[in-house]
Structure formats: C-alpha cells, structure tokens
Amino acid sequence: MTDSTGRVDAVIVGAGFAGLYMAHRLHGLGFSLQGFEAGGGVGGTWYWNRYPGARCDVESMEYSYQFSDELQQAWEWTERYAGQPEIQRYANHVAERFDLARHFEFDTRVTEAVFDESRDRWTVRTDTGGTVEARFCVMATGCLSSANTPDFPGVDTFEGEVHHTGRWPHEGVDFTGKRVGIVGTGSSAIQAIPVIAREAGHLTVFQRTPNYSIPARNGPLDAEVQRSVKADYPAIRARNSQMPGALGVQATMRELAAVDDDPEARRRDYEDRWGIGGFAFLMGYADLLVNPESNDTAAAFVREKIADIVDDPEVAALLSPHNVIGCKRPCLDTGYYETFNRDNVTLVDISDARIEAITPGGLVAGGTPYELDCIVFATGFDAMTGTLHRIDIRGRGGRALREKWAAGPRTYLGLGVAGFPNLFTISGPGSPSVLTNMIVSIEQHVDWIADCMTYLRERGYATIEATEPAQDEWVAHVNDIAGETLYPTCNSWYLGVNIPGKPQVFMPYVGYPPYVEKCDEVAAKGYEGFALRA
Ligand code: FAD
Ligand code: NAP
C-alpha cells in the first residue's frame, strides 16, 4: 500500500492470476505495492467470463499455480477441465491463503500511467480519481480481457437482452423459452452453444467462419489420477516446462511426420486421440503445424467426424472448416457438433451474408430479418494489445505506447518496451503467453520480474529499459520463428485480424523452452539488451 506521500515501489494493474502472483512475490520480497483491478474481485478472466459452459481447455491439474507445493497439494479439482465457478473459487482461495486482496483496490480502472524522467517515477491515475507514484509499473492486464463487441449499427435499439460472453452478468441469464441469437463460433461460443441450446426456446447461431473443435471428454476427475499426479507434481511440472506449449500432453508427440506415417496407422492414431479428447488430438506428429500436407490429414479427419456427427449434410458442410487446423487456438467442446441435430437450433452462415444491423426486434443478416429476444456476442477480444491501449501509457518524452505501437506491438521478450523504463508487461506480445498453458507462462514472467527488481535494488540501479537494438532484434526473431510455422496463415486474433483496423502482426512467441532459456540467459548476463541506470 502507499506511504503517506502516495508512493510505492510498484503498481500492479490487474488481479487475475498474473497480478495475484506478482503481488505475492513483491510483497514477500519487501517491496511496497499498490494493485488496481477494474473488476469487483480477483480472478481476471474467470471473474468476467461467466457464460454457460465456460471452462479451461488445459487440464485442471496443469491449469493451476505451481509456486507453492502446499497449495497444489491442498487444492482438490473435481473435473478434468474445471468450470468457471471452480476456477473462480480457486483464485479466491489463493487470494485468501496468501492474503493478497489487501494489496488491491477493486472496481478501480487505471486510466493513465505517465513516466516522469526527471524523477524516474511512474504516475498512475485511476477512474476513481486516485493517483499513485511508483518506481515500477507492472501491467498484469491480461491478453484476453478487453471484450470486442462489433460496431453493428442499431445495437442500442435492440429491445431484448444483449450480453457478451466476456462480460457475463454475475446473476446469470435465464434463456428459458427465449429466442436466442449467438454471434460467433470461437472457443467461447463452442462452449456456450450446447448449454444455451438446452435451455432456449430456439437458438440461432450466426457463423462467419467455422472452427475446428475437438471433444474435451470432460468428466469428474478420477481420485486416483489426482493422487498420482500430486505424488509426482514437481517432476510432472518440470517435464511440462520442456514442452513447446508447457503442456503435459505434448509429451506424447512423436518425431514422426504425419505424411510419413502409414495412412491406416495415422487414422488409428487420430481415432485414439479423438477418443482421449483435448489437445492430445494435435500432438501425435511433430510437423502438424509446419507442413500443410500433414496438417490436412488431421483437418480432413475432423471434417469426417463432423459429417458423421451432424445429421444434415448441408449443416455439416457449413460447420466444416477448410483452413489450417491449430492455426487458431483449437476449441474443445462438450457436444458442440451434436447440438446442431436439435430441432431448436439453426445455423446461419454469415460468411457472405454479413450482419447488417441490429433492430429493435432482432437482427438483419444478408437481407434476412431474424426475430430474437436475446443476443449473445461471443465475438472475442481485442487481444494482447487492446487492454494496454485502453490505458494512456506514456514513457520518455511523453511518447504514448499507442503511438509507438501504431504499426503493431514491439517489445523485448514481451517483458519490456524501449522508451518505457521500469514498465513490465506480463505475458506481453512477443512472449509465448497465449500459445502455452498460460499459468506456467505467467509464473515464469512474474519470477523473472521479481528477480530483476531485486537485482536492481541490490545494486542500486534506478531504472531498467529495453534498448532499441535488442528490441528490434527480438521482434525480427519472433516473426522469423512464426514464419516457419503455419500460424500466420489464417485470420486469427493472434494476428489481430479480428479487430477492424488493427495492424496485422503475429503477436505471440512460438516455443516456451527456448524462450525461457533466452530470458534466463539475459538475466545471467546482467540483463543483456536492457540499459540499467543508477
Ligand atoms: P486476466 O485474467 O485477463 O486478468 C487481467 C485483469 O486485469 C482483469 O481482471 C482486468 O479487469 C484487469 N485490468 C485490465 N485493465 C485494467 C485497468 N486498466 N485497470 C484495472 N484493471 C485492469 N488460458 C489457458 O492457458 N488455459 C485455459 O484453459 C484458458 N481458458 C480461457 C478461457 C477463457 C474464456 C478466456 C477468455 C481465456 C482463457 N485462457 C486460458 C487465457 C486466460 O486469459 C489466462 O489463462 C489467464 O487467466 C490470464 O491471467 P492474467 O492475470 O494474465 O489476465
Ligand atoms: P474468438 O476466438 O475470437 O471468436 C470470436 C468469434 O466471433 C469468431 O467466430 C468470429 O468470427 C466471430 N466474430 C467476431 N467479429 C464478428 C463480426 N463482426 N461478425 C460476425 N462474427 C464475428 O473469441 P473467443 O471465442 O472468445 O475466444 C478467444 C480466446 O479465448 C480463445 O482463442 C482462447 O484462447 C480463449 N478461450 C478459451 C476457452 C477454453 O476453452 N478454455 C474458452 C473461451 C475462450 P471469425 O472467425 O470470422 O473472425
């Protein structure tokens, strides 16, 4: 908390998994801190995304902190993939266990962070009129925390209810008997659609681009599985940290190229993995995300599954994607394709027949009116940069981050930005972040930042700042690595394509282990690529 002069060592923006752990580390190291959180409680993603069906896609035993063995031994997950309420309970439990909520002011949005070069201080302002001065500013603002609601004309005229999956009402939404329209078929929609369909009178799904979805095969977590993972947790975590996405399931990946496997054996492998469920499906062959021909063997298998599951061949064809599988984050579902066999569900293809307007009674797409009582926007997020740009961040010379990143984000390691001393971004663009089990990436960033701040304190440095050459080199490297994969080949939010006018730059870094190695090396060499000033 601030001293009598309103000063702290560090401001932390955001109380999701990143902000909570950052507060825990900095407090433990004796730094004074002040956190701000726009929401009314902790949990970040899991505080806001309360839509029906919301759950993690990384298995619960992995989608959890590892910094405290007592915590990971004590917490009992109930499902293979925990639902939002359970993850939210977990975040609250962590906050209580380590007494973290006291560091944050809730219902308080940071609007401005300005660096004063004459005093090496950040001045941070909030929408409640507060001002805090800090030496360091840590943006734990989340990669997926600014909901994107497309600017459809007439949205304010709609007389029914409108909800965005990423800003779901805490009291829930009663769909009973209602005519519901859902816009979008990304991960959020794919989780929500089967649940809403069971409740609604009629559900109309407005699909612009079909998505590949793999059955999650969620269910109660076997007590024996939980016990055996806990018995071996440190080794399992250590193994996972050597995987490209820090995911345990990647340990099942073989060196074999999909195209080199015998077609019958390959089919059996896909069938087995489809039965196992989850990301395992895409982990059979090492080349699925680099060789289009190999990729298409997996994509074709999923299209066959869609044709098997969905009764109406026309609907099955519309639900079948033809882009690279895995190019967007793969969706995991519980009964998604099956839902289109229900009498009360209609799929509307808006790939050419775009939504033209929202009207008082529904919406119009491709000239056809649809009468609705409720519209759900499952239209995603202004990912990775959107939340940072909603804050007026100004570094040296009063230069705005928005200006510096006008052509796309530029960072060094996704941790620091040239021209913005003592500003850290957790899971920032240019770091593995969204291509990984994010809690693992978050802990790695928080530990790196905590070590760095300790290093500066011990040696009497006032500021640390990424240098332009190191940043340029890193940005080029991030692009080179992405260019060796199939990731940049589709219209994903990784590239910013989902937001009209957003510069199209592939934002995350591909490959967790080499990234960690680089971060460790930079630190070991006295923060190479950063300028440290006394
Ligand atoms: P967040 O959880 O987004 O928290 C950031 C916080 O900062 C928010 O609470 C926000 O209100 C606050 N904030 C932002 N700007 C300001 C401001 N200006 N002032 C004050 N407060 C501010 N990742 C996985 O690895 N596995 C999964 O299974 C998975 N499932 C997901 C499911 C959904 C529905 C979504 C949307 C994302 C999912 N993710 C998943 C990604 C998820 O975002 C991360 O796993 C993780 O929760 C991010 O934590 P965070 O603390 O970095 O960010
Ligand atoms: P998303 O993947 O960006 O999907 C948004 C959907 O809305 C897409 O189908 C998109 O179509 C559509 N859309 C956007 N703007 C539109 C417009 N103007 N008109 C019509 N359709 C429009 O968002 P999300 O589903 O919220 O998921 C975002 C990320 O959050 C995921 O990739 C994942 O990382 C995370 N997440 C994870 C889980 C999980 O399983 N644990 C669940 C939810 C979210 P186009 O494809 O044509 O753009």
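Since we're looking at a predicted model, the values are computed, not measured.

**A few points about the overall build of the protein chain**
Moving on, step 1. Per the secondary structure count, the protein chain includes 16 helices and 20 strands.
Moving on, step 2. Per-residue burial for the protein chain yields a buried fraction of 57% across its 534 residues.
Moving on, step 3. Expressed as a percentage of contacts within the protein chain between residues at least 6 apart in sequence, the contacts between residues at least 24 apart total 72%.
Moving on, step 4. Counting 47 positive and 72 negative side-chain charges, the protein chain places the centres of these two groups 4 Å from one another.

**Quick look at the packing of helix α1 (residues 17–28) against helix α14 (residues 438–459)**
Moving on, step 1. Look at α1 against α14: their axes get within 9 Å of each other, and the N-to-C directions meet at 30°. Of the two possible hands of crossing, α1 and α14 adopt the one that is right-handed. Residue-level inspection shows F17, A18, Y21, M22, R25 and L26 of α1 in contact with α14, the latter providing I439, I442, E443, V446, D447, I449, A450, D451 and M453.

**Observations regarding the nonpolar core**
Most often, soluble globular proteins have nonpolar side chains that are buried together.
Moving on, step 1. Within the largest apolar cluster, 133 residues are counted, with the highest numbers of intra-cluster contacts made by F17, I182, F281 and W448.
Moving on, step 2. Here this core takes 12 residues from α14, the largest share from any one element.
Moving on, step 3. If you count residues domain by domain, this core takes at least three from each of domain 1 (7–42 + 100–146 + 382–533) and domain 2 (155–231 + 291–377).
Moving on, step 4. Once you skip the residues sitting within four places of it in the chain, F17 turns out to touch W46, Y63, Y65, I87, Y90, A91, I439 and I442.
Moving on, step 5. Counting residues in each nonpolar core, the second largest holds 21 residues, with V8, W122, L388 and I391 among its members.

**Quick word on the sheet that holds strand β15 (residues 368–371)**
Moving on, step 1. Across the sheet, 3 strands lie side by side as β13-β14-β15; this open sheet has antiparallel pairing. Of all strands in the sheet, those bounded by a partner on one side alone are β13 (355–359) and β15. Averaged over all pairs of adjacent strands, the angle between strand axes in this sheet comes to 20°, irrespective of strand direction.
Moving on, step 2. With 4 bridges joining them, strand β14 (residues 362–365) and β15 adopt antiparallel strand pairing. Within the sheet, the bridge partner assigned to V364 lies in β15 and is P369.

**Considering the pattern of salt bridges**
Moving on, step 1. The final tally for this structure, using the stated rule, is 30 salt bridges.
Moving on, step 2. A salt bridge links R267 to E304, with the nearest nitrogen and oxygen atoms 3.1 Å apart. Taken together, the residues span a long stretch of sequence, with R267 in helix α8 (residues 263–276) and E304 in helix α9 (residues 292–309) at a distance of 37 residues.
Moving on, step 3. Overall, R267 belongs to the partly exposed group, its relative accessible area being 32%.
Moving on, step 4. Residues R533 and E465 are paired through a salt bridge, measuring 3.1 Å at the closest nitrogen-oxygen approach. Of this pair, R533 sits in strand β20 (residues 530–533) while E465 sits in strand β19 (residues 463–466), placing them 68 residues apart in sequence.

**Here's the deal with the site of ligand 2**
Moving on, step 1. Around ligand 2 there are 24 residues in total, and R55, T185, S188, R208 and T209 lie nearest to it.
Moving on, step 2. T209 has a polar side-chain atom sitting 2.4 Å from an oxygen atom of ligand 2.
Moving on, step 3. A distance of 3.3 Å separates an oxygen atom of ligand 2 from a polar atom in the backbone of A378.
Moving on, step 4. For ligand 2, the accessible surface in isolation is 910 Å², of which the surrounding protein chains cover 88%.
Moving on, step 5. Sort the elements by how many residues they give to the shell around ligand 2 and helix α5 (residues 187–199) lands first, with 3 residues.
Moving on, step 6. Residue composition of the shell around ligand 2, grouped by class: 10 nonpolar, 9 polar and 5 charged.

**Remarks on the side chain of T425**
Moving on, step 1. Relative to the assigned elements, T425 resides in strand β18 (residues 423–425).
Moving on, step 2. Residue classification places T425 among the buried positions, given a relative accessible area of 4%.
Moving on, step 3. One polar contact links the side chain of T425 to the main-chain carbonyl oxygen of G414, over a distance of 2.7 Å.
Moving on, step 4. Sequence-distant contacts of T425, defined by excluding residues within four places in its chain, comprise M139, L388, G414, L415, G416 and H445.

**Focus on the domain arrangement of the protein chain**
How big an interface is tends to be reported as the loss of accessible area on association of its parts.
Moving on, step 1. Here the protein chain is described as being made up of domain 1 (7–42 + 100–146 + 382–533) and domain 2 (155–231 + 291–377).
Moving on, step 2. In this structure, domain 1 and domain 2 have C-alpha centres spaced 32 Å apart.
Moving on, step 3. If you look at the interface, domain 1 gives 11 residues, while domain 2 gives 10 residues.
Moving on, step 4. When domain 1 packs against domain 2, close to 830 Å² is buried across both sides, 56% of that on carbon and sulfur atoms.
Moving on, step 5. Three residues stand out in domain 1 for area buried against domain 2, namely L486, C490 and Y494, and they jointly supply 50% of the buried area on that side.
Moving on, step 6. Linking domain 1 to domain 2 there are 0 salt bridges.
Moving on, step 7. For the pair domain 1 and domain 2, the number of links is 3 residue pairs in polar contact (both at pLDDT 80 or more).
Moving on, step 8. For the side of domain 1 that touches domain 2, a count of residues per class yields 5 nonpolar, 6 polar and no charged.

Rules used in this analysis
Residues numbered from 1 in each chain as written. Chains lettered and ligands numbered in written order. Predicted model: local features only at pLDDT ≥ 70, side-chain atom pairs only at ≥ 80, totals over all residues. Heavy atoms only, no water. Helix = DSSP H or I, 4+ residues; strand = E, 2+ residues; numbered from the N terminus. Buried < 20%, exposed > 50% of the residue type's maximum accessible area, 1.4 Å probe, protein only. Contact = heavy atoms within 4.5 Å. Lys, Arg positive; Asp, Glu negative; His and termini not counted. Charge placed at Lys NZ, Arg CZ, Asp CG, Glu CD. Axes fitted to C-alpha atoms, helices over the stretch in contact; angles between N-to-C directions. Left-handed = near helix turned anticlockwise from the far one by under 90°. Core = buried A, V, L, I, M, F, W, Y, C linked by side-chain atoms within 4.5 Å. Domains from an automatic or database assignment. Pairing = 2+ DSSP bridges. Salt bridge = Lys/Arg side-chain N within 4 Å of Asp/Glu carboxyl O. Near = heavy atom within 4 Å. Polar contact = N/O pair within 3.5 Å; in protein donor to acceptor, adjacent residues only side chain to side chain. Areas by Shrake-Rupley, 256 points an atom, 1.4 Å probe, with all protein chains shown as cover. Nonpolar A, V, L, I, M, F, W, Y, C, P; charged D, E, K, R; others polar. Buried area = accessible area lost by both parts, 1.4 Å probe.

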